[in-house]
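# What the coordinates show
Residues per chain, in single letters:
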Amino acid sequence: MRVNEKYSTLPAEDRSVHIINICAIEDLGYQPSEGTLLNSLSVNPDAKCKYGLYFRDGKRKVDYVLVYHHKRGSGSRTLARRVLQNDAALGARSARQDQPLPGKGSPGKGSPGAARQQEPPMDFHEDDKRFRREEYEGNLLEAGLELERDEETKIHGVGFVKIHAPWNVLCREAEFLKLKMPTKKMYHINETRGLLKKINSVLQKITDPIQPRVAEHRAQTMKRLSYPFSREKQHLFDLSDKDSFFDSKTRSTIVYEILKRTTCTKAKYSMGITSLLANGVYSAAYPLHDGEYEGEDVEFNDRKLLYEEWASYGVFYKYQPIDLVRKYFGEKIGLYFAWLGVYTQMLIPASIVGVIVFLYGCATVNENIPSMEMCDQSHNITMCPLCDKTCSYWKMSSACATARASHLFDNPATVFFSIFMALWAATFMEHWKRKQMRLNYRWDLTGFEEEEDHPRAEYEARVLEKSLRKESKNKEDEMEGIAQPAIPEQMAGSLFHSQTRRMREREKHRNIPEESTNKWKQRVKTAMAGVKLTDKVKLTWRDRFPAYFTNLMSIVFMIAVTFAIVLGVIIYRISTAAALAMNSSPSVRSNIRVTVTATAVIINLVVIILLDEVYGCVARWLTKIEVPKTEKSFEERLIFKAFLLKFVNSYTPIFYVAFFKGRFVGRPGDYVYIFRSFRMEECAPGGCLMELCIQLSIIMLGKQLIQNNLFEIGIPKMKKFIRYLRLKRQSPADHDEHMKRKQRYEADFTLEPFGGLTPEYMEMIIQFGFVTLFVASFPLAPLFALLNNIIEIRLDAKKFVTELRRPVAVRAKDIGIWYNILRGIGKLAVIINAFVISFTSDFIPRLVYLYMYSKNGTMHGFVNHTLSSFNVSDFQDGTAPNDPLDLGYEVHVCRYKDYREPPWSEHKYDISKDFWAVLAARLAFVIVFQNLVMFMSDFVDWVIPDIPKDISQQIHKEKVLMVELFMREEQGKQQLLDTWMERGPKKSEPCSNHSPQAGPDGPENHGGAL
């Protein structure tokens, strides 16, 4: 007898659902007419089951759906398919296996054997998948679930298995999962008093118009005490309405846990739903949405409420109904949107300060002496050529616009803004930790500890393969045919081909499929033996060494590809600048720098967007070959690899402009060349900060606009349009049938599957890097991030509510590895901004000149101080300008930006003492800035407590109330026991271990309690 004793806690005789195995009988060719159905039914059956939200009886709620593809005759559009239950191994219960599994469709006339004779020919792959589904669904029934099949769908060739978890199964699994459920006990939440109460009251009145109109978002003064569910303590919980005690999110989570751990020994490996999905036995598995989200006659539900109060662009100014999001999607998705909301709120003060800094630059641009000197044509400063031969001499006044624009972002306020943003990042992290603790308290996650997940299907497969290979090697003679290595998937069908043909010949004359040889039993024993071995055998670093080596080499190669592309763009900039310099048009030659910079940044943006998609796929593949044990380990490794590759991809061009461009140029007469032909490009006379700002703004805005918004909006719309075109090409009958109202599970099947939160977090983390890492060069970055996030929240919300299948709710108390990544970026931002201010901007050289070299204590003469002189007669052969008289006069000495000795000096063109003075000041600034800001950030971290005081008090209060509740319960039990002991001599009544409380919550109504 095959009984899943590990997960069945009730005796088989006491179960409300018969333990049956499923064997599908193929198409009978019977097609009932619509008139027959209408005459036989007094009400619309679809309306009775609320269009797929319930079983056909209209009472049992559909908690989960399994989807599979099957082949059937093209002529039988309306399928009459009946599911019989029979299993030779369950002969002891064959008397109870004469009734069909509830499902849609009518049995055809004639015997099942005759029906099998009419079935269309099927290949052995389809037979193999059908056998796997039969056993797996039988095991689900043994676990206590209730199933109903539907193949009369509007989607051709697709069948659905609806799953319902009865009350006793929900109670059992809730106890296994230690789910905290609200008890009958309620207590008052401590309220603020005095001045804080008045302030909170005023704030509530002010913010009332921007609060969502949902019940879950209102301030609560009472809270139910929560306790991990226990069947022995059901009297503690309010079970007056058992249908709503476990909400749809919890029910689907419970069913998913059963699906994951239920095995299928006929599969290649003995695993759960993840393996069956990977092998194509099932096409999809998902919980259902609560109903439609739009329409006048739509029954009100949480999905519709979320669409109206959260997923609509018209409510962009409102707070998010986070509690309702958590109720519908689970804690993990709720925490993501809560974090995104906190991050967006914190961007408001950062944006305000950034705009003030930018406006300060605009107000003082006409007072900036260095830019005024550069724009003064009376100085008549002649600059050296920017490239060899084709470029000629040029006047510094031609770069006036660039110099004035640089002051907008390179001014003393920029240093203040960098310090402010470093403290902002620390404050944001602390604020999120406190918000997270409040959510944990409200969502009853205090004390929740994530238990080790069930091993992934791929991990178990590798362990099983290793154990079987080891067993085969040690006992090759004794275990021949039993401990053999795992058979590849493509060979599995050929192994069963001959056996399947024999089975199908027998099935023409009998209902019960039987095994004709011992090979099947041997393979089952092999799989079960392998399962036992997986508990002892583990994958070591030796097993994973090839994968680790592949990971290392692949990541290094991908990073090298990124560097190579950046080098290619550099060569493009250099060659394009030289080509444009030969243009005869003066307007083209005067805008060479702007043209080259803009086109190069656009190329970088396109490459970054394309490589982001490639690196995401590469990171997933590299993580798969590592074969992590659990889903959590898989997700963390995937996040680390994807973030590393995308970080390098997004920021390498920006790092080049900030720290490398113009640093290794050389000097006139002794330039540095790439491949001996391309001269390294120089910064503008005003420095590279303006170019860094252009690079940062275009890449940041381009990624947000194209990758984050257009892709998320356009791709789903395009997929829907393609599906519509495909439907239109079908026959008119199919089109008309498709236009009818679908069942809920059919409509959800057409939605996109949920791919996880990693892409959503990743784009926000990369944006966080743009906001913090180079904020010294682009103070408007927080403002653009804020505007993007306002749209992003509603865009993601609409995607989750309308375009994605409902994800399985996952419990989580924090955002996981993303918090550590955020902290790392915050620390790195301090260092990078210190170097940007010190080495990329002219802030330090100006301070050095002002306090060491200025004669009158002003910035007059600063530009001349930063320029060195070069005698044009010292040009190397073949590098002098082809047209030395382009300016209308002969040039003998030209200027270039550097600190070097003049040509008339004894050590001409050597680095001057001024260079070392400025370098020392720059390094000193980096050290002082970094340590000061780090100290201030740590101080903020220390001052702000991680757990709010009121939440700490409420958690302590809950513990005290829980202890009092159990003490009173124990005292009641003791009093009852003493009373019965006193009455013992008079009346012999059995003692009860239950609470003295009677009524609907008494022992007789404990449902699944044992």
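Residues numbered from 1 in each chain as written. Predicted model: local features only at pLDDT ≥ 70, side-chain atom pairs only at ≥ 80, totals over all residues. Heavy atoms only, no water.

### Notes on the overall build of the protein chain
Selection criterion: Numbering goes from the N terminus for both helices and strands, where a helix is a DSSP run of H or I of at least four residues and a strand is a run of E of at least two. Burial classification: accessible surface area is computed with a 1.4 Å probe over protein chains only, and a residue below 20% of its type maximum counts as buried, one above 50% as exposed, and the rest as partly exposed. Each accessible area is a Shrake-Rupley result for a 1.4 Å probe, and residues are judged covered by the shown protein chains and nothing else.
What the protein chain contains, in helices and strands, is 32 helices and 16 strands. For the protein chain, with 1010 residues in total, the buried portion stands at 50%. For the protein chain, the accessible surface area stands at approximately 48,700 Å², while carbon and sulfur atoms represent 58% of it.

### Quick word on the environment of Tyr-187
This is how the line gets drawn: Contact between two residues is taken to exist if any of their heavy atoms lie within 4.5 Å; hydrogens are not considered. Any N or O atom pair separated by 3.5 Å or less is treated as a polar contact, with the protein-specific requirement of one donor-capable and one acceptor-capable atom, and with residues adjacent in sequence counted only for side-chain atom pairs.
Residue position: Tyr-187 is located in strand 6 (residues 180-188). The sequence separation of Tyr-187 and Thr-221 amounts to 34 residues, and the corresponding C-alpha distance is 8.6 Å. Not counting chain neighbours up to four residues away, the residues in contact with Tyr-187 comprise Thr-221, Met-222, Lys-223, Arg-224, Leu-225, Tyr-441, Gln-954, Lys-957, Glu-958 and Leu-961. In this structure the side chain of Tyr-187 is engaged in a polar contact, spanning 2.9 Å, whose partner is the side chain of Tyr-441.

### Examining helix 32 (residues 949-983)
For clarity, the threshold we go by: Every helix has an expected span of 1.5 Å times one less than the residues it contains.
Between its first and last C-alpha, helix 32 extends 51 Å over 35 residues, near the 51 Å set by a 1.5 Å rise per residue. Taken together, the buried positions of helix 32 are Ile-951, Gln-954, Ile-955, Glu-958, Leu-961, Met-962, Leu-965, Phe-966, Glu-969, Gly-972 and Leu-976. Its buried side turned inward, helix 32 meets strand 6, strand 7 (222-228) and helix 15 (412-442).

### A word on the packing of aromatic side chains
Keep this limit in mind: Side-chain rings of Phe, Tyr and Trp (the six-membered ring for Trp) are treated as a pair once their centres are within 6.5 Å; stacked means planes under 30 degrees apart, edge-to-face means over 60, and tilted covers the remaining angles. In this scheme, the term charge over a ring applies when either NZ of a lysine or CZ of an arginine sits within 6 Å of the ring centre and within 35 degrees of the ring normal.
Counted according to the given criterion, the structure contains 55 aromatic pairs. Aromatic pair Phe-245 and Phe-246: ring centres 4.9 Å apart, planes at 85 degrees, arrangement edge-to-face. According to the relative accessible area criterion, Phe-245 is buried, its value standing at 11%. Ring plane angle 65 degrees and centroid distance 5.0 Å describe the contact between Phe-870 and Phe-875, whose orientation is recorded as edge-to-face. Across this residue pair, the class does not change: Phe-870 and Phe-875 are buried. The side chain of Lys-61 reaches across the aromatic face of Tyr-54, ending 5.6 Å from its centre. Positioned over the ring face of Tyr-671 is Arg-679, at 3.6 Å from the centre of the ring.

### So, the state of the cysteines
Keep this limit in mind: We call a pair of cysteine sulfur atoms a disulfide whenever their separation is within 2.5 Å.
Throughout the structure, instances matching the rule amount to three disulfides. One disulfide in the model links Cys-375 with Cys-400; its S-S distance is 1.8 Å. Across the disulfide from Cys-375 to Cys-400, rotation about the S-S bond amounts to roughly 95 degrees, and the bridge is consequently right-handed. Of this pair, Cys-375 sits in helix 13 (residues 369-375) while Cys-400 sits in helix 14 (residues 400-409); the two residues are 25 residues apart in sequence, bridging distant segments of the chain. Put simply, Cys-384 and Cys-894 are joined by a disulfide, and their sulfur atoms are 1.9 Å apart. Here the disulfide of Cys-384 and Cys-894 is right-handed, its torsion about the S-S bond being about 85 degrees. Of the two residues, Cys-384 sits in the loop between strand 9 (382-383) and strand 10 (394-395) while Cys-894 sits in strand 16 (residues 893-897), which places them 510 residues apart along the sequence. For Cys-384, a relative accessible area of 5% gives the class buried. You can call Cys-894 buried: its relative accessible area is 0%.

### Regarding the pattern of salt bridges
Any two side chains of opposite charge can pair, so long as their charged atoms come close to each other. Stated precisely, the cut-off is as follows: Salt bridge, as used here: a side-chain nitrogen of Lys or Arg that lies within 4 Å of a carboxyl oxygen of Asp or Glu.
Overall, the coordinates contain 43 salt bridges when judged by the stated rule. Across the pair Arg-231 and Glu-175 runs a salt bridge, and its minimum N-O distance is 2.8 Å. Highlighted residues: Arg-231 in the loop between strand 7 and helix 7 (242-245) and Glu-175 in helix 5 (residues 167-177), separated in sequence by 56 residues. We classify Glu-175 as partly exposed; its relative accessible area is 26%.

### Notes on the nonpolar core
Going by this rule: Side-chain atoms within 4.5 Å link the members of a nonpolar core, which is a set of buried Ala, Val, Leu, Ile, Met, Phe, Trp, Tyr and Cys residues.
Residues Phe-329, Trp-339, Tyr-343, Trp-424, Phe-774 and Ile-815 are the most contacted members of the largest nonpolar core, which totals 117 residues. When residues of this core are assigned to their parent elements, the largest contribution, 14 residues, is made by helix 12 (residues 331-363). Leave out the neighbours within four places in its chain, and Phe-774 touches Tyr-651, Ile-654, Phe-655, Ala-658, Phe-659, Leu-692, Leu-696, Gly-769, Ile-832, Asn-833 and Val-836. Counting residues in hydrophobic clusters, the runner-up holds 46 residues, among them Leu-66, Val-169, Leu-177 and Cys-264.

### Notes on the sheet that holds strand 4 (residues 146-150)
Strand pairing in a sheet takes place through backbone hydrogen bonds and is either antiparallel or parallel in direction. We count it as follows: For two strands to pair, DSSP has to find at least two bridges joining them. Between the N-to-C directions of two axes lies an angle of 0 to 180 degrees, each axis being a line fitted to C-alpha atoms and, for a helix, fitted only over the stretch in contact.
Taken together, the four strands give an open sheet; going across it, the order is 4-5-2-8, and neighbouring strands pair in antiparallel fashion. On the outer flanks of this sheet lie strand 4 and strand 8 (284-286), each paired with one strand and no other. Recorded for the sheet is a direction-independent mean angle of 20 degrees between the axes of neighbouring strands. Looking at chain direction, strand 2 (residues 64-69) and strand 8 are connected through three bridges and run antiparallel. Note on strand 8: the bridge partner recorded for Val-65 is Tyr-286.

### Section: unusual backbone geometry
With phi around 60 degrees, Asp-444 is a residue other than glycine that occupies positive phi space. Counting through the fold element by element, Asp-444 comes out in the loop between helix 15 and helix 16 (457-474). Backbone geometry places Tyr-909, a non-glycine residue, at a positive phi of 70 degrees. Residue position: Tyr-909 is located in the loop between strand 16 and helix 31 (913-943).

### A word on the confidence of the model for the protein chain
We count it as follows: A residue's pLDDT is the predictor's confidence in that residue, given on a scale from 0 to 100.
Confidence in the prediction for the protein chain averages 77 pLDDT; 77% of positions are at 70 or higher. Model confidence for the protein chain, summarised as mean pLDDT per element, is weakest for helix 1 (residues 34-40) at 33 and strongest for helix 12 at 93.

### Re a nonpolar patch on the surface
Note the threshold: Residues forming no salt bridge and having over 30% relative accessible area are the ones grouped into patches, like charges within 9 Å of each other and nonpolar side chains (Val, Leu, Ile, Met, Phe, Trp, Tyr) within 5 Å.
Together, Trp-541, Phe-545, Tyr-548, Phe-549, Leu-552, Met-553 and Val-556 give the surface a local cluster of nonpolar side chains, amounting to about 750 Å² of exposed area. You can see Tyr-548 is positioned in helix 19 (residues 541-581). A relative accessible area of 32% means that Tyr-548 is categorised as partly exposed.

### Focus on the environment of Glu-430
As for its position among the elements, Glu-430 is in helix 15. Residue class for Glu-430 comes out buried when judged on its relative accessible area of 1%. The spacing of Glu-430 and Asp-941 is 511 residues in sequence and 6.4 Å in space, taken between C-alpha atoms. Side chain to side chain, Glu-430 and Lys-433 meet in a polar contact 3.0 Å long.

### Section: the environment of Ile-333
Here Ile-333 lies in helix 12. Exposure remark for Ile-333: the relative accessible area of 4% places this residue in the buried category. A sequence separation of eleven residues divides Ile-333 from Ile-322, and the C-alpha atoms of the two residues are 9.6 Å apart. Excluding its chain neighbours within four sequence positions, the residues that come into contact with Ile-333 are Phe-754, Leu-757, Phe-800 and Pro-807.

### Things to note about the packing of helix 15 against helix 32
For clarity, the cut-off: Under this scheme an angle from 65 to 115 degrees is roughly perpendicular, one under 35 degrees roughly parallel, and one over 145 degrees roughly antiparallel; angles in between are oblique. For a crossing to be left-handed, the near helix must be turned anticlockwise from the far one by less than a right angle; the clockwise case is right-handed. Under the grouping applied here, Gly and all other residues not named as nonpolar or charged are polar, the nonpolar ones being Ala, Val, Leu, Ile, Met, Phe, Trp, Tyr, Cys and Pro and the charged ones Asp, Glu, Lys and Arg.
One way to put it is that helix 15 packs onto helix 32 with a least axis distance of 10 Å and a crossing angle of 25 degrees. It follows from the interaxial angle that helix 15 and helix 32 lie roughly parallel. Along this stretch, helix 15 crosses helix 32, giving a crossing that reads as left-handed. Within the contact between the two elements, helix 15 uses Met-437, Arg-438 and Tyr-441 and helix 32 uses Asp-950, Ile-951, Gln-954, Ile-955 and Glu-958. Classifying every residue of the contact of helix 15 with helix 32 by side-chain character gives four nonpolar, one polar and three charged.

### Observations regarding the side chain of Arg-133
Counted only if it meets this: The charge count includes Lys and Arg as positive and Asp and Glu as negative, but it does not include His or the ends of the chains.
Note that Arg-133 resides in helix 4 (residues 124-142). Although Arg-133 is buried, it forms no salt bridge, and the closest oppositely charged side chain is Glu-137 at an N-O distance of 5.0 Å. Not counting the four nearest positions on each side in its chain, Arg-133 is found in contact with Tyr-68, His-69, Val-281 and Tyr-282.

### Looking at the packing of helix 12 against helix 27 (residues 781-803)
The geometry of helix 12 relative to helix 27 is characterised by a closest axis approach of 7 Å and an angle of 160 degrees between their N-to-C directions. Classified by the interaxial angle, the pair formed by helix 12 and helix 27 is roughly antiparallel. In this structure, helix 12 crosses over helix 27, and the sense of that crossing is left-handed. Along its contact with helix 12, which presents Ile-333, Tyr-336, Phe-337, Leu-340, Gly-341, Tyr-343, Thr-344, Leu-347, Ile-348, Ala-350, Ser-351 and Val-355, the element helix 27 presents Pro-782, Leu-783, Ala-785, Leu-786, Asn-789, Ile-790, Ile-793, Asp-796, Ala-797 and Phe-800. By residue class, the composition of the contact of helix 12 with helix 27 is 17 nonpolar, four polar and one charged.

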